[in-house]
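Inside the fold
Residue strings, one per chain:
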Amino acid sequence: MKTLLINNFSPFIVDIEKILNDFGNEAECYNCDEILAIDTHLDFLENFDNVILSGRQRNSTVINKVNSRIVKGALVLNKPLLGICYGAQILALTLGCTLKRMGKVRDLINIKVVQQDPIIKGYDEMEMYESHNFCISVLSPDFKLLGKSISCTNELFCLKNKPIYGTQFHPERSGKPGRDLIENFLKIR
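Rules of the game
Residues numbered from 1 in each chain as written. Predicted model: local features only at pLDDT ≥ 70, side-chain atom pairs only at ≥ 80, totals over all residues. Heavy atoms only, no water. Core = buried A, V, L, I, M, F, W, Y, C linked by side-chain atoms within 4.5 Å. Buried < 20%, exposed > 50% of the residue type's maximum accessible area, 1.4 Å probe, protein only. Helix = DSSP H or I, 4+ residues; strand = E, 2+ residues; numbered from the N terminus. Contact = heavy atoms within 4.5 Å. Axes fitted to C-alpha atoms, helices over the stretch in contact; angles between N-to-C directions. Parallel < 35°, antiparallel > 145°, perpendicular 65-115°, else oblique. Left-handed = near helix turned anticlockwise from the far one by under 90°. Nonpolar A, V, L, I, M, F, W, Y, C, P; charged D, E, K, R; others polar.

Once that is clear, we can look at the nonpolar core. The biggest cluster of nonpolar side chains holds 31 residues, and the ones touching the most others in it are Leu82 and Ile119. If you list the elements that add at least two residues to this core, you get helix 1 (13-22), strand 4 (81-84), strand 5 (98-113), strand 6 (125-138), strand 8 (156-159) and helix 6 (175-187). Ranked by residue count, the leading element in this core is strand 5, at five residues. Not counting residues up to four positions away in its chain, the partners in contact with Leu82 are Val51, Ile52, Leu53, Ile119, Tyr165, Thr167, Leu181, Ile182 and Phe185. By size, the runner-up hydrophobic cluster in this structure holds 29 residues, among which are Leu4, Val71, Ala88 and Phe143.

Right, let's get into helix 5 (residues 86-94). Here helix 5 lies mainly inside the structure; eight of its nine residues are buried. Buried residues of helix 5: Tyr86, Gly87, Ala88, Gln89, Ile90, Leu91, Ala92 and Thr94, and no others. Where helix 5 terminates, the next one or two residues include Gly96, which has phi positive at roughly 95 degrees.

A separate point is the packing of helix 1 against helix 6. The contact between helix 1 and helix 6 brings their axes to 11 Å, and the two run at 60 degrees. Here helix 1 is positioned oblique relative to helix 6, judged by the angle of their axes. Pair helix 1 / helix 6 crosses with right-handed handedness. Of the residues in helix 6, those in contact with Ile19, Leu20 and Asp22 of helix 1 are Arg179, Ile182 and Leu186. Partitioned by chemical class, the residues of the contact of helix 1 with helix 6 number four nonpolar, no polar and two charged.

As far as function goes, none of this settles anything; it's purely spatial.
Next comes the structure, spelled out in C-alpha cells:
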C-alpha cells in the first residue's frame, strides 16, 4: 500500500507520518507547493493507492489550487482520499459544499456517529481533537453524513459511492479512535 500524503504545512504532519509508518504503510509526503510544479496530476496520482490531505495553518490560493486538483484527480481515478480538517474543507468546497467561519475550536470534541461506515467500524461515538476556525456548513447532495458534534454539524462525511472521506477533526491527534479511523481508511480499496 502506497499513500500520497499532501503536507499543507500542518503542524501535525509528523503525527500522520508516524501513524502511517506504525501501520507499515509506504507513504510519500510532498509539500503542496512541490505538487504545483507537477503538470500531469493524473499520471502522478496513478503511482499511489490512496491520498491523505493534511490540515493547514495559513490560507493560500496555491494550497487551495493544488488540493482541489488532487481531489478532482482522486475522483477521476477512483482513489481513496482522506481530507483532514482543511483537507476536508477543500474537498467539500471543490465538490459543491459550503463553509462558514466560526469561533476558534481547539479541544477534544465528542463525535456522534449518525451512519455506520467501514472507516468508523465499531464506533457509535468518538472523542476527537479539533483545531479550526471554519466548518463545513452545508454538504451537497453528493455526500452522506457519517458523524456530527455540537461544534460542527458535518464532522465526518463521505462521497456517496466513492471512497472519498472528510474529517473536520484531526484523527492523527486523537489517540486510539483516530488511529483506528486512519487504519480503516488504509484498508479501503
